[in-house]
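A closer look at the structure
Below are the chains, spelled out letter by letter.
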Amino acid sequence: MFPDKFIVHSVDTQASAKAWRTYEQFAAISSSKLASVVTYGLIPGGVLGGINPVELYGTLDRADLMVMNWYPQFQGGVIIPTVFFAKDGFGCEFTGSMSVMIDGDRGRGRDIIARPNEEGILPYLSPSEFVVVVPLELQRVTIDEITGLHHKLLRPSTEVASSLERCVGYDPSLWRNFHYFNEWLQTTPEGNALLEERIGRPVRDLKSSDEIKANIKDGRFSV
């Protein structure tokens with residue numbers, strides 16, 4: 001069973017924009033967005049875009065939000081401890097959802113939404129608060145883009161190294177698609193060890209979604 005302590009954020013574009021894109025365009029867009037997230041973090045309305053530019057969406061078990069695109073060799077995502085996604089004083093809501101799509105199956109799931117605080121400040125997740133899963137075929141170009149962005153920002157080589165350490169690589173040919181690799185990360189001792197190495201704390205010490213829910217009052221999370 002999933003530990004119920006992590007959410008997944010999609011690194012994707014809207015479905016309506018997918019029809020006209022070529023294989024090469026999917027690869028370029030996916031690697032560019034992965035590199036941007038690793039470098040800048042998660043910002044509403046930023047590099048990821050989205051339906052509502054003032055909110056951040058994550059999913060506890062909705063597979064459709066995990067998928068980057070239709071090509072398994074380009075699928076990846078952002079895995080975030082729920083306790084980092086829920087920020088003190090910011091809007092926070094758990095909501096039910098439909099359209100779980102793993103191997104064509106449909107069902108119910110749970111989403112989490114982060115919203116601005118009372119001052120209108122948007123939620124933000126630092127790259128140090130999450131892990132980015134990068135598929136094998138995009139690893140070389142994603143590393144090059146991350147290095148290039150850090151060079152443009154005049155960041156020291158130590159920051160480049162720490163950014164690359166937050167990336168987890170996987171081979172879709174061994175895992176079928178992102179969903180199965182994500183399940184391995186969250187539900188096996190070996191996968192948990194890898195996540196703990198990247199996020200810097202034991203999985204057992206992370207709060208579950210129920211513990212997060214218990215601290216939401218009037219639509220806002222408080223520690």
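These lines cover the structure that appears in this document, whether it is placed above or below. (Residues numbered from 1 in each chain as written. Predicted model: local features only at pLDDT ≥ 70, side-chain atom pairs only at ≥ 80, totals over all residues. Heavy atoms only, no water.)

Looking at the overall build of the protein
Counting its regular elements, the protein contains nine helices and nine strands. Here the protein holds 223 residues, and 48% of them are scored as buried. Roughly 10,800 Å² of accessible area belongs to the protein as shown, and the carbon and sulfur atoms make up 55% of that amount. (Helix = DSSP H or I, 4+ residues; strand = E, 2+ residues; numbered from the N terminus. Buried < 20%, exposed > 50% of the residue type's maximum accessible area, 1.4 Å probe, protein only. Areas by Shrake-Rupley, 256 points an atom, 1.4 Å probe, with all protein chains shown as cover.)

Structural notes on the pairing of strand 3 (residues 77–81)
Taking burial as the measure, the five residues of strand 3 include five buried ones, the bulk of the element. Residues Gly77, Ile79 and Pro81 line one face of strand 3 and the alternating positions Val78 and Ile80 line the opposite face, and both faces are buried. Bridging between strand 1 (residues 6–9) and strand 3 involves four bridges; their strand directions are antiparallel. Looking across to strand 3, one finds that His9 is bridged to Val78. As defined by bridge partners, strand 3 adjoins strand 6 (residues 131–135) across three bridges and the pair is classed as antiparallel. Bridge pairing in strand 6 links Gly77 to Val133. (Pairing = 2+ DSSP bridges.)

Quick look at the packing of helix 7 (residues 178–187) against helix 8 (residues 189–199)
Axes are the key here: two packed helices are described by the angle between their axes and the distance separating the axes. Where helix 7 meets helix 8, the axes come as close as 5 Å, and the angle between the chain directions of the two elements is 85°. Put simply, helix 7 runs roughly perpendicular to helix 8. In this structure, helix 7 contributes Trp184, Leu185, Gln186 and Thr187 to the contact, and helix 8 contributes Pro189, Glu190, Gly191, Asn192, Leu194 and Leu195. Its residues assigned to classes, the contact of helix 7 with helix 8 comprises five nonpolar, four polar and one charged. (Axes fitted to C-alpha atoms, helices over the stretch in contact; angles between N-to-C directions. Parallel < 35°, antiparallel > 145°, perpendicular 65-115°, else oblique. Contact = heavy atoms within 4.5 Å. Nonpolar A, V, L, I, M, F, W, Y, C, P; charged D, E, K, R; others polar.)

Things to note about unusual backbone geometry
One non-glycine residue with positive phi stands out, namely Leu154, at about 60°. Among the secondary structure elements, Leu154 is positioned in the loop between helix 4 (139–152) and helix 5 (157–165). One non-glycine residue with positive phi stands out, namely Asp218, at about 55°. Locating Asp218 in the fold gives a position in the loop between strand 8 (216–217) and strand 9 (220–221).

Thoughts on the packing of aromatic side chains
Scanning the model with the defined rule gives five aromatic pairs in all. Summarising the aromatic geometry, the rings of Tyr170 and Phe178 are spaced 6.4 Å apart at their centres and angled 80° between planes, so their arrangement reads as edge-to-face. Comparing Tyr170 with Phe178 shows no difference in burial state: the two are buried. The structure contains a cluster of three or more aromatic residues connected by ring pairs, namely Tyr170, Trp175, Phe178, Phe181 and Trp184. (Phe/Tyr/Trp six-rings, centres within 6.5 Å; stacked < 30°, edge-to-face > 60°.)

Here's the deal with the nonpolar core
Grouped together as the largest cluster of nonpolar side chains are 30 residues, with contacts concentrated most on Leu42, Val78, Ile80, Phe85, Leu125, Phe130 and Val132. Residue assignment for this core shows that the elements contributing at least two residues are helix 1 (23–40), strand 3, helix 3 (82–85), strand 4 (90–97), strand 5 (109–117), strand 6 and helix 4. Looking at this core, the element that brings in the most residues is helix 1, giving six residues. One finds Val168, Phe178, Phe181 and Leu206 within the second-largest nonpolar core, a separate group that totals 15 residues. (Core = buried A, V, L, I, M, F, W, Y, C linked by side-chain atoms within 4.5 Å.)

Some points on the side chain of His150
Within the secondary structure, His150 is located in helix 4. According to the relative accessible area criterion, His150 is buried, its value standing at 0%. Ignoring sequence-local partners within four residues, the contact set of His150 consists of Thr39, Arg155, Glu159, Val160 and Ser163.

Some details on a nonpolar patch on the surface
A contiguous nonpolar patch, built from Tyr40, Ile43, Tyr124 and Leu153 and spanning about 340 Å² of accessible area, is present on the exposed surface. The class of Leu153 is partly exposed, set by a relative accessible area of 37%. (Patch = residues over 30% accessible without salt bridge, like charges linked within 9 Å, V, L, I, M, F, W, Y side chains within 5 Å. Salt bridge = Lys/Arg side-chain N within 4 Å of Asp/Glu carboxyl O.)

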